[in-house]
Structure formats: structure tokens, C-alpha cells
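Structural overview
So you can see what is in the structure, the chains are spelled out below.
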Amino acid sequence: MSPDTPPQDIAVRLTDVRLDRGTRTVLSGIDLTVPRGSITAVLGPSGSGKSTLLAALTGELVPAAGQVEVLGQAVPQRQRALLELRKGIGVLLQGNGLLTDLTVAENVALPLRTHTKLPRPVIDRLVAMKLHAVGLRTAGDLYPRELSGGMARRVALARALALDPPLMVYDEPLTGLDPIASGVIMSLIARLNASLGLTSIIVTHHVHETLPVADRAIVIANGRIVFSGTPAELEATTDPLVLQFLRGEPDGPIAFDTAERSRETA
Amino acid sequence: MPFFAATRSLGRAGLFSLSVLRASRPTADFFAELVREIYKIGARSLPIIAVGGAFVGLSVTLLGYRALETYGAANQISALVGLGLYRELAPVLTALLFIGRAGSSIAAELGLMRATDQITALGLMAIDPVAKAVAPRFWAAVICVPLLTGFFCSLGITASYFEAVHVLGIDAGTFWQVLRDAVDYRHDFLVAFQKSAVFGGTAALVAAYVGYHAEPTIEGTSVATTRAVVNASLLVLMFNFVLSALLFR
């Protein structure tokens, strides 16, 4: 992306960010710009720091250095301001995070009931629309325990979209899904991004399923961004580090050290 | 250093308690959650409180009768049962039964919410997890434990009446008259309610604190549940001594 892109066209900007977990640096020297309306795939092997990057975007993790700007403002540290910012960010968590004592419809209605003063019939209508958007209009009365993995992921997606956030962040949206459910989720992400005018960041290690819908891709490995460009540029790269990840080779510049990885993900 | 670690934990628990109070806002959602929790941790605890109260009443009556009979004061059995239940046994034993039944479930539920990303999801939806998941449970405990204590006393005295009158041969009129003369509404009955409210709040806060901060794993949830029961029970026993010393004449 061009460095002189107008600020209003930028949804997320990270400037020389360093992210630490405890005393250990997970990512450093991160410069990233996500244009509004785009789908950006953040790729990298498990434990490379993708979820840490996501935590910085949502304000869960304060950067040790550098600045994180989301939707035109620096991510605040004060709780009240942070909660206000988060109303504009929809997050689909890897574990879905559906409240198990609420039905599907109640889960989707939760952000609407909490953050708006809309009357009950309007909320019910909005919930039906959100569930319809993810193809689950008739599942409103089910509990999360009654859903398949793919259905639960789509309910979580409907809930993340409840407040019509301009920015959507997907944390490993395909983990645990079969190929058909993965295809459904990826096409939903692309369709919703286009029809609702969203900006999407997909944090994943599922390269081949994600690249077809992405406008831009970055690859994280060894604690830094090792590639940034379009999916076509990624597929044409000759960088041995990126190639090792794309081809899934155990030997190469990316260390395959389970002890190290488990500490990183902790 | 264990001393500094303990002090830090105590400080965190205090801040957590303050955050629960701050997050307690009387919204429609809060009352809906409160009613749900009162049913879950209060109404569903009634059977064990009933059984516990009845058997404690029976035991105290039997032991007390044998001791009082030696001095020819067997007629005073209902005073012993009444004062024993209202002043000490009912508030403490109800709180301990409540901790075993509901405190453990509060810790386990919050621990599982942590392990399954539900607490994270609430925060990311800009919903205060403490307001949504902890505050209703705390207030439900503060409301329920005094009511359960009253229920415990009722069952204990009823069981005592049947044993004393129909098995041990105490006169029914004497049983009730001695009980009414011995137990004071303000100094015994209301103080038992106050103690119970404190015990309920303490039990819920301890259980919520350890559950909310549990390691996000199955083992973490299991450890939190055990810790909730042990810590809350010990705190209730300690607070009982302090409150008894301060409140009873």
C-alpha cells in the first residue's frame, strides 16, 4: 500500500510496534497498514505471534513500543475508552466464545441489548437478519451445545456482526472445520466484506483457503513480518523463509521447535 | 516471598470485590440474570438445606436432651435448639452447604467461561464480564443465603419438635413456650440473617474470584473449584467468630 494513502482510507496502522509476553519479545519492528474495505490475511505458522498481533489490535495487549491505530485513533489504555473502541471491532474468536447458557438468538442479541436502546421487536428483527445473513435463520432457539462446529462458527460470526462494526477481525476462523464448512465460512467472509463495506483481517495458518478471498497478505515468522504484498506476489515469491511456510516443509529457516512454540502460545 | 505474594493476592481480591460492587447496576439485564441465578444457586439448594437442617435439628435435640436430663432441665431443650441454630449452627452450616453446592458451581462455571473464551468474548464485545457474569451471582448469594438460613432453622426446629415431643416425651406447649421465651427476634433472628448475608457475599466473592482468574484449562477449573470451597469455608468460619463476638450480647 502506498505510504501517502489518506488517513481516512486506513482502517488499521501499526508503526514500529514491539509486542512482549512477559519478559519475552514475540514480535518486533511491525509496520502494517490495512486499507479500508480490504481483506488482509495475516499468515504464519502456529505460535508465530499472529494471535498476539490480534490482541494488540483489540487492546488486550499494550505494545511495548510503537503505536497501534485502529479506525483512526490510537488504541486507548483506559478501560472506558477501550470498550467504546471495541464497539467498532467485530472479533470472531477461534473458540467462538458463545455463551453456553444463552440460545443462539440471545447470543446474537446480547451486544444489541447491551449497547443500544432499541425496542425488543426491533432487536428480534435485527437478530433474524443477522442469522439470515449467515444462513442460520431457523437456528435461533438452539443452544450452542446443539450446534455443529461450522454452525457455531457462523453464529459467532453473526454475533460479531451484530453492531455493524466497520472492522472485522477473524482469529483462525477455519480451525476445526471440515473442507465444506471452511469453504462456507470463507465465502461468507468475502460476501459480507463486500456487501457491508467492512474491512477484514483474517489471522490464520490456512494459506490455500484464505488467499483466494484476500486482497493483501502478510506473513509472520521468526518474530517479524517476512512478507507483505498481494496474494499473487506471495505465490510468486522466492524467499526461502516464505516458501518453507507455504510448502509446509519441516526443514528451513523457520525453526520447528515445539518447546519454543509452546512457550510462545502460552 | 510467600508474604508478598499473599499480600498481592489479598489486594487483587479486594480490587476484584470493588469492581463487582461498581459493576452492579440495576439494569433490566442485571435483574434478568439475578432471577436466573437466584433460581440456580438458591432454589436448587433447597433440598440439601432441608435435609441438612432436619438432621442437625435431630442431632442437637438428642445430644441436648441427654445432657439436660441429667440436671432435670429436659424441658429447656427447645431453648438449646433454638439458640444453637439461630446464633451459630444455621448461619455457618447453611453457608458451608451453600459453598459446597453453589460456591463450587460458581467457580466451575466462571472457570469454564474463561477456558472456553466466553469471558474474552464478552470483553471484546465491549461488555464488562464482571457486570455480566459475576455481579448477578454475588447479589443472588447475598439474597439467597439468609433465606436458606431461615429455611434451615425452620426445618431444624420442626425436626426437633417431632423428636422432642413424639419420641422423647416433652410437652408440646412447653416446647414452643420455652422456644419463644429464649429466642429474641432482634438479637437472634435478625442477627442470624445479617451474618448469613455476609457469609453469602463472602462465599460468592471468593468463588467468583478464583473461578474468574482460573487457568484457562480443565485442570485450572478443577483447581479453582477446590480452592473456592476450601478458602470460602475457612473464611466463613473465621468471619463467624468475629461477627459472633461483635453482634451477640
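Quick summary incoming for the structure in this document.

Conventions used here
- Residues numbered from 1 in each chain as written.
- Chains lettered and ligands numbered in written order.
- Predicted model: local features only at pLDDT ≥ 70, side-chain atom pairs only at ≥ 80, totals over all residues.
- Helix = DSSP H or I, 4+ residues; strand = E, 2+ residues; numbered from the N terminus.
- Rg over C-alpha atoms; globule rule 2.2 N^0.38 Å.
- Buried ≥ 20, exposed ≤ 12 C-beta atoms within 10 Å, placed from the backbone.
- Contact = placed C-beta atoms within 7 Å.
- Expected span 1.5 Å × (residues − 1).
- Bend = angle between axes of the 7 residues up to and from the residue.
- Core = buried A, V, L, I, M, F, W, Y, C linked by C-beta atoms within 7 Å.
- Nonpolar A, V, L, I, M, F, W, Y, C, P; charged D, E, K, R; others polar.
- Axes fitted to C-alpha atoms, helices over the stretch in contact; angles between N-to-C directions.
- Parallel < 35°, antiparallel > 145°, perpendicular 65-115°, else oblique.
- Left-handed = near helix turned anticlockwise from the far one by under 90°.

1. Quick word on the overall build of chain A
A count of helices and strands for chain A gives 10 helices and 10 strands. Over its C-alpha trace chain A gives a radius of gyration of 19 Å, about what one expects of a compact globule, namely 18 Å for 266 residues. Oriented by its inertia axes, the alpha-carbon framework of chain A measures out at about 55 × 40 × 35 Å. When burial is assessed residue by residue, chain A has 39% of its 266 residues classed as buried. The long-range fraction of contacts in chain A, counting pairs at least 24 apart against all pairs at least 6 apart in sequence, stands at 66%.

2. Here's the deal with the environment of His205 of chain A
All names here are of chain A. Along the chain, the position of His205 falls in the loop between strand E8 (199-204) and helix H7 (207-210). Residue His205 is classed as partly exposed on the basis of its C-beta count, with 18 C-beta atoms lying within 10 Å. Residues His205 and Pro119, 86 residues apart in the sequence, show an inter-C-alpha distance of 41 Å.

3. Digging into helix H8 (residues 185-212) of chain B
Under the 1.5 Å per step criterion, the end-to-end length of H8 of chain B is 39 Å for 28 residues, consistent within 8% with the ideal 40 Å. The axis of H8 of chain B is deflected most strongly, by about 25°, at Val191 of chain B.

4. Digging into the environment of Arg137 of chain A
Residue and element names in this part refer to chain A. Within the secondary structure, Arg137 sits in the loop between helix H4 (120-133) and helix H5 (149-160). Residue classification places Arg137 among the partly exposed positions, given that 14 C-beta atoms sit within 10 Å. A C-alpha to C-alpha distance of 24 Å links Arg137 and Asp171, two positions 34 residues apart in sequence. If near-sequence neighbours (up to four positions away) are discounted, Arg137 is found in contact with Ala128, Leu131 and His132.

5. Observations concerning unusual backbone geometry
The phi dihedral of Asn96 of chain A falls on the positive side, at around 70°, and the residue is not glycine. Residue placement: Asn96 of chain A occurs in the loop between strand E6 (89-92) and helix H3 (104-115). Unlike most non-glycine residues, Asp117 of chain B shows phi in positive territory, near 70°. Within the fold, Asp117 of chain B resides in the loop between helix H4 (77-115) and helix H5 (118-124).

6. What about the nonpolar core?
Residues and elements named next belong to chain B. Formed by 148 residues in total, the largest nonpolar core has its most connected members in Ala203, Ala207 and Ala208. Ranked by residues supplied to this core, first place goes to helix H6 (residues 129-167) with 21 residues. Excluding residues that lie within four positions of it along the chain, Ala207 makes contacts with Gly103, Ile106, Ala107, Ala228 and Ala232.

7. Some thoughts on the interface of chain A and chain B
Taken together, the 15 residues of chain A in the interface contact 10 residues of chain B. Ranked by residue count, the leading element in the side of chain A that touches chain B is H3 of chain A, at 5 residues. Its residues placed into classes, the side of chain A that touches chain B shows 6 nonpolar, 6 polar and 3 charged.

8. With respect to the packing of H4 of chain B against helix H7 (residues 172-182) of chain B
All names here are of chain B. In the contact formed by H4 and H7, the axes pass within 8 Å of each other and the chain directions differ by 45°. Here H4 lies oblique to H7, going by the angle between them. In this structure, H4 meets H7 at a crossing whose hand is right-handed. Facing Ser78, Ala79, Gly82 and Leu83 of H4, the residues of H7 in contact are Phe175, Val178, Leu179 and Ala182.

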